[in-house]
Amino acid sequence: MSKLWSPIVAALKPYVPGEQPRMANLVKLNTNESPYGPSEKALEAIRAAASTDLRLYPDPVALGLREAIATRHAVSVGEVFVGNGSDEVLAHTFAALLKHDRPLLFPDISYSFYTTYAGLFGIEAVEVPLDAAFRIDIADYRRPSGAVILPNPNAPTGIGLPLAEIERLVADHPDQPVVIDEAYIDFGGESAIALVPKYDNLLVVQTFSKSRALAGLRVGFAIGQRPLIEALERVKDSFNSYPLGRAAQAGATAAIEDEAWFESTRGKIISSRAKLASELEKRGFEVLPSQANFVFARHPGHAGQTLAAKLRERAVIVRHFAKPRIADFLRITIGTDAECAKLVAALDEIL
Ligand SMILES: Cc1ncc(COP(=O)(O)O)c(C=O)c1O
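What comes next concerns the included structure.

Reading guide: rules and limits
- Residues numbered from 1 in each chain as written.
- Predicted model: local features only at pLDDT ≥ 70, side-chain atom pairs only at ≥ 80, totals over all residues.
- Heavy atoms only, no water.
- Near = heavy atom within 4 Å.
- Polar contact = N/O pair within 3.5 Å; in protein donor to acceptor, adjacent residues only side chain to side chain.
- Helix = DSSP H or I, 4+ residues; strand = E, 2+ residues; numbered from the N terminus.
- Nonpolar A, V, L, I, M, F, W, Y, C, P; charged D, E, K, R; others polar.
- 1 Å grid on protein atoms, 1.4 Å probe; cavity = no way out; pocket = protein on both sides within 12 Å on 5 of 7 lines; lining within 4 Å.
- Points joined across faces, edges and corners; volume = space filled by probe spheres on them.
- Domains from an automatic or database assignment.
- Buried < 20%, exposed > 50% of the residue type's maximum accessible area, 1.4 Å probe, protein only.
- Pairing = 2+ DSSP bridges.

### Section: the site of the ligand
Gly 85, Ser 86, Asp 87, Leu 90, Tyr 111, Asp 181, Ala 183, Tyr 184, Thr 207, Ser 209, Lys 210 and Arg 218 make up every residue found near the ligand. Within the contact set of the ligand, an oxygen atom lies 2.5 Å away from a side-chain nitrogen or oxygen of Thr 207. Lys 210 is positioned with one of its side-chain polar atoms (N or O) 2.9 Å from an oxygen atom of the ligand. In terms of residues, the shell around the ligand owes the most to one element, helix α4 (residues 85-97), which gives four residues. A class-by-class count of the residues in the shell around the ligand yields four nonpolar, four polar and four charged.

Here it is in structure tokens:
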């Protein structure tokens with residue numbers, strides 16, 4: 001706290017990102033990164049972008065990248081917005097679309113950045129409890145509200161909603177923006193982008209950080225009808241006109257065009273997830289059904305915090321949230337099969 005701060009700063013509750021420790025031989029399963037390197041074509045494009053052209057500003061509207069995303073998702077380029085990671089896209093979404101007289105709704109157990117953004121932008125939020133099975137019940141969202149945001153699949157549970165349920169949620173709120181954060185959709189869910197032509201209140205947000213293995217490049221995007229995208233553009237151009245550098249635009253464009261890399265990598269992660277869930281269940285864990293690149297699991301005989309600490313002593317890092325209802329769960333990113341085997345071996349020592 002300092003007298004030099006703007007008054008809002010003292011009241012902020014900043015998001016706490018998963019740590020990026022510098023330890024040798026670490027099995028890093030705490031921030032839902034891909035265990036595989038990105039597409040070689042993306043790396044080549046990034047290397048090519050590292051040229052004297054870096055003296056020039058990048059394209060402020062990232063037209064080439066937006067065209068590639070539009071082609072991949074069968075929408076028009078004007079329906080695509082890109083930003084510096086989906087976190088920035090979400091921040092602009094909160095500012096542009098989610099502040100209304102009535103409250104914003106999101107799940108009580110969800111991506112904790114939503115609470116942070118609501119605080120930053122002075123948005124009244126109501127947290128809607130997950131049901132007893134840690135599922136989102138869209139009937140619980142039928143209440144007076146200004147807007148809705150939820151991740152599908154949800155994080156940190158990994159549980160996905162079928163597209164028909166998402167459509168019901170969007171149709172239930174015809175006069176409110178409904179934002180579906182699809183950071184993990186490519187690991188088994190069905191994207192709501194297909195509903196965009198039908199619903200003018202739907203915005204879908206995705207990222208290159210997970211299924212494209214480019215968390216370090218910082219690229220995310222949103223797809224929605226023109227009026228929603230225009231709102232995001234207005235906020236972006238009131239904040240930073242050049243959020244994506246030349247390397248990010250080039251790398252992400254090549255990545256989204258590399259369908260073969262995408263299919264093979266997400267297939268490997270989905271199959272490792274099934275193997276890891278079964279190994280955990282064999283050892284007595286309850287594992288929530290995941291459609292994401294992580295599993296959320298708890299052991300009836302061991303506190304989550306203790307397990308996380310003992311794993312860390314063995315150089316295996318997972319994510320633990322000291323929050324009501326989920327304090328005994330570990331969120332474990334799906335690594336390579338070799339990394340998952342190291343996790344399981346460490347658990348065998350601990351249990
Ligand atoms: C649900 C959800 N949304 C958005 C993000 C942000 O991802 P990025 O800013 O890397 O695109 C994350 C990151 O973990 C996430 O879990």
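### Digging into the layout of surface pockets
Of the voids in this model, the largest pocket is the one considered here, and its volume is about 930 Å³. Residue lining of the largest pocket: 44 residues in total, with Tyr 15, Pro 17, Asp 87, Tyr 111 and Arg 319 positioned closest to the centre. Of all the secondary structure elements, the ones that give two or more residues to the lining of the largest pocket are α4 and α5 (113-120). Taken together, the residues that form the lining of the largest pocket break down as 20 nonpolar, 15 polar and nine charged. When residues of the lining of the largest pocket are assigned to domains, at least three map to each of domain 1 (7-37 + 260-350) and domain 2 (40-258).

### Regarding the pairing of strand β7 (residues 202-207)
Within β7, six of the six residues are buried, which leaves it mostly tucked inside the rest of the structure. Because side chains alternate across β7, one face comprises the buried residues Leu 202, Val 204 and Gln 206, and the other comprises Leu 203, Val 205 and Thr 207, equally buried. Of the strand pairs in this sheet, strand β6 (residues 178-181) and β7 are connected by four bridges, and their pairing is parallel. Bridge pairing links Val 179 to Leu 203 in β7.

The analysis is restricted to geometry; functional conclusions fall outside its scope.
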